[in-house]
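As a plain string of letters, each chain reads:
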Amino acid sequence: MNFLEERIVKDGIVKHGNVLKVDSFLNHQMDIALMEEIGREFKRRFGNKTVTKVLTIEASGIAIAAFVAKEFGVPMVFAKKSKSINIDGEMYVAEVESFTHKNKNTVIVSKKFLHEGEHVLIIDDFLANGCALQGLISITESAGAIVEGCGIVIEKGFQYGGRAIRNMGYHVESLAIIDAMDAESGTITFRQQEQDA
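These numbers come from a predicted model, not from an experiment.

S.K.: Even after reading the chapter, I still don't get the pairing of strand β9 (residues 172-182), so can you show me in this structure?
M.R.: Two faces, one strand: in a regular strand the side chains alternate between the faces of the sheet. Among the 11 residues of β9, eight are classified as buried, and the element is accordingly described as predominantly covered. Pairing analysis gives six bridges linking strand β8 (residues 146-156) to β9, with the strands arranged parallel. Across the sheet, I154 pairs through a bridge with A176, a residue of β9. As judged from the four bridges shared by β9 and strand β10 (residues 187-190), these two strands associate in the antiparallel manner. Across the sheet, A180 pairs through a bridge with T189, a residue of β10. The hairpin formed by β9 and β10 contains four residues between the paired strands, and G186 there has a positive phi angle of roughly 75°.

S.K.: Is there a simple way to think about the pairing of strand β7 (residues 119-127) in this case?
M.R.: Taken across its nine residues, β7 has eight buried, putting it largely inside the fold. Inspection of the sheet shows strand β3 (residues 53-57) paired to β7 by three bridges, in the parallel sense. Directly across from K53, in β7, lies its bridge partner V120. As judged from the eight bridges shared by β7 and β8, these two strands associate in the parallel manner.

S.K.: Please clarify how the environment of N105 should be interpreted in this entry.
M.R.: Mapped onto the fold, N105 is located in strand β6 (residues 103-110). Overall, N105 belongs to the buried group, its relative accessible area being 10%. C-alpha of N105 to C-alpha of A94: the two residues are 11 residues apart in sequence and 8.4 Å apart in space.

Conventions we followed
- Residues numbered from 1 in each chain as written.
- Predicted model: local features only at pLDDT ≥ 70, side-chain atom pairs only at ≥ 80, totals over all residues.
- Heavy atoms only, no water.
- Buried < 20%, exposed > 50% of the residue type's maximum accessible area, 1.4 Å probe, protein only.
- Helix = DSSP H or I, 4+ residues; strand = E, 2+ residues; numbered from the N terminus.
- Pairing = 2+ DSSP bridges.

Coordinates in, geometry out; function isn't part of it.
So, in structure tokens, the structure goes:
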């Protein structure tokens, strides 16, 4: 087990509906030492790539992406969730559906902060159905920027998002991939990854 899998087993809570609560250390209350370790691990996994910007989506991805950007020494930008349909021409726009919140959001990134030719590393906390990730990929490519990779903290490997994004040809690295969760017993089965071997 890697450092993140151990923490998920220790403090994560499996709920009905394929929900994993990690709000005690990742996406509500944050363990800063763990965040630093996550940042270092993404730097290790994507260190051979040219990265000029880190991109994420609000809100849970922001802190994680900030630690990753610090490791790469580059700026971080996050897509804002906008409830307005009146968005001016200064924005890149994508519609994303949240698995957790069961709603759709229009997300925006100002054209001032994402440029043609930039090398972008996309970071997010969870990957389930892949909608948020596809939205961030769409925004990056609309800007004429290059997606260097997608770093995910926790991937629900039993849902189709990770497979779909990889099948599109993108380099996806997930620190923990869950193959099964059982709310009754609270058990979590992780996929063995090369980095764990």
